[in-house]
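Coordinate inspection notes
Here is how the chains run, residue by residue.
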Number of protein chains: 2
Amino acid sequence: MTATGILYGVGIGPGDPDLITRKAARLIESAAIIAYPTLAGAASFARSIVAGLIGPGTCEIVIDLPMLTEREPAQAAYDAGAARIAAELTAGRDVVVLCEGDPLFYGSFMYLHARLAGRFRVEVVPGVTSITACAARAGLPLAARNQAVTVVPGPLPDDVLRQHIRSADALVLMKVGRHLGRVRALLEAEGLADRAVYVARATLDGEECLPLRAAPEAAPYFSMILVPKEADPWL
Amino acid sequence: MTATGILYGVGIGPGDPDLITRKAARLIESAAIIAYPTLAGAASFARSIVAGLIGPGTCEIVIDLPMLTEREPAQAAYDAGAARIAAELTAGRDVVVLCEGDPLFYGSFMYLHARLAGRFRVEVVPGVTSITACAARAGLPLAARNQAVTVVPGPLPDDVLRQHIRSADALVLMKVGRHLGRVRALLEAEGLADRAVYVARATLDGEECLPLRAAPEAAPYFSMILVPKEADPWL
């Protein structure tokens, strides 16, 4: 009887291959089987980050997701991907799943985790998130001492965004993309636009760090707005 | 005339040396001068994480902080540390500052950043935070899709904690330590204790991941409580 393989959910950071952890790099370099999602047949961003680490004989399981506005087709794609991964694990082979940023922080890995963690041994390797990468590139302390930080996805409706903006200490607005105009208007209305910084494609080619007021009208999907609290009086 | 050196604020992750990024490892291995804080003369946790990477000839600037309950002595320690670092930078030598977790996310690096960023070139290397490390060790998705996440320091007073607990989606309580009893009582009162997970010393020797109700009475400084939102219906 063969022991089952281990499912590794491996965070590979925000985009710069140098921001991969040593553990993630070693796991990917020695992997016989890797798996990663692609979106509607496009090239995989996750795979592009680690392309230099993938050995020539590595087997690649591609989980091709439809555009994620509808629930059932995405569910079916994760079901099919999980089934292929489960077959490898059952045969005693480890599978390394590539996850942009961190696997359990807004990562698609959680859909595989939900389908496989009950049946197989899972090890999650945390990664550098886009949030601290954006703060690093902007040179902007996110939170000090006893400040709270709230991370809010931009696609939420206006009233929910407004509530989070009002109750937050330091604030990070993620996945801004096509919601930039709406998010900017909400921050203006709450008197926070002056302190807000726009960061797009942190650590990647075409990176931009700008005061929010100078941000372009059209933001890429990988864009974020940081709104630090007032300067810490201890600084 | 000599060009001034670069100040590197380098995130070294939550504790496991394998969770250092490749960039941080390379900078530390090749550093002629490193700097790090110690607390009241104790051994430096940051230095212990990277001990295996520090070359024999490396010069070490130790910033010895008094216990951080009083403001002026800590300010004076950062002033003195910043002055020693500034002298090296002025002489054209780079300085690599070691930062547990991420430099700009509850990191003491921001005190050096505030003192030196106006005068010298600074490069911040983001690191894996203890938050995603705890989620990884607990096998617990922190946030999915359009959920918000609020990170709240445990030392805040009860009324401020209660407000954040009530307005948060997913919730992370950091720096729990001796505040564990108080934080637990607040979560009980809000009906959240059943979902809460206690994680201490994530990725380090003596790591613990337990349901909050099973957590010990006395928690170490490096402890955290994760309160995920209800399971995402997409999972």
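Refer to the preceding data block for the structure.
Below is a summary of the structure that appears in this document.

Thresholds applied
- Residues numbered from 1 in each chain as written.
- Chains lettered and ligands numbered in written order.
- Predicted model: local features only at pLDDT ≥ 70, side-chain atom pairs only at ≥ 80, totals over all residues.
- Heavy atoms only, no water.
- Helix = DSSP H or I, 4+ residues; strand = E, 2+ residues; numbered from the N terminus.
- Contact = heavy atoms within 4.5 Å.
- Disulfide = S-S within 2.5 Å.
- Buried area = accessible area lost by both parts, 1.4 Å probe.
- Salt bridge = Lys/Arg side-chain N within 4 Å of Asp/Glu carboxyl O.
- Polar contact = N/O pair within 3.5 Å; in protein donor to acceptor, adjacent residues only side chain to side chain.
- Nonpolar A, V, L, I, M, F, W, Y, C, P; charged D, E, K, R; others polar.
- Pairing = 2+ DSSP bridges.
- Buried < 20%, exposed > 50% of the residue type's maximum accessible area, 1.4 Å probe, protein only.
- Core = buried A, V, L, I, M, F, W, Y, C linked by side-chain atoms within 4.5 Å.

For the rest of this paragraph, the subject is the environment of A:Leu112. All names here are of chain A. Tracing the chain through its elements places Leu 112 in helix H4 (residues 109-116). In this structure the C-alpha to C-alpha distance between Leu 112 and Pro 14, which are 98 residues apart in sequence, comes to 20 Å. Beyond its immediate stretch of four places on either side in the chain, Leu 112 contacts Ile 63, Tyr 78, Ala 82, Ile 85, Val 97 and Ala 117.

A few words now on the state of the cysteines. Per the counting criterion, the structure on display carries 0 disulfides over all chains. Free cysteine A:Cys99: the closest other cysteine sulfur is in A:Cys59, separated by 17 Å.

Note that A:Leu173 resides in strand S7 (residues 170-174). Spatially, the C-alpha atoms of A:Leu173 and A:Leu187 are 10 Å apart, while their sequence positions differ by 14 residues.

The subject of this paragraph is the interface of chain B and chain A. The partner chain A presents 61 residues to the 61 residues of chain B that form the contact. At the boundary of chain B with chain A, total buried surface from both sides reaches about 5100 Å², with 61% on carbon and sulfur atoms. The tally of links between chain B and chain A comes to 2 salt bridges. Of the charged contacts, one joins A:Asp18 and B:Arg26 as a salt bridge, the two residues approaching to 2.8 Å between their closest N and O atoms. The interface formed by chain B and chain A holds 23 residue pairs in polar contact (both at pLDDT 80 or more) in total. Secondary-structure elements contributing two or more residues to the side of chain B that touches chain A are helix H1 (22-29), helix H3 (71-90), helix H4 (109-116), strand S5 (121-125), helix H5 (130-138), strand S6 (149-153) and helix H6 (158-167) of chain B. For the side of chain B that touches chain A, a count of residues per class yields 35 nonpolar, 13 polar and 13 charged. Pairing analysis gives 3 bridges linking strand S6 (residues 149-153) of chain A to S6(B), with the strands arranged antiparallel. Across the sheet, residue A:Thr150 finds its bridge partner in S6(B), namely B:Thr150.

A few words now on the environment of A:Glu29. All names here are of chain A. Mapped onto the fold, Glu 29 is located in helix H1 (residues 22-29). Looking at Glu 29, the relative accessible area reads 47%, which means it is partly exposed. Residues Glu 29 and Leu 53, 24 residues apart in the sequence, show an inter-C-alpha distance of 5.2 Å.

We now examine the nonpolar core. Core analysis: the biggest nonpolar cluster contains 86 residues, and A:Ile85 and B:Ile85 have the highest contact counts within it. With 23 residues, the next largest nonpolar core counts A:Ala148, B:Leu187, B:Leu192 and B:Leu212 among its residues.

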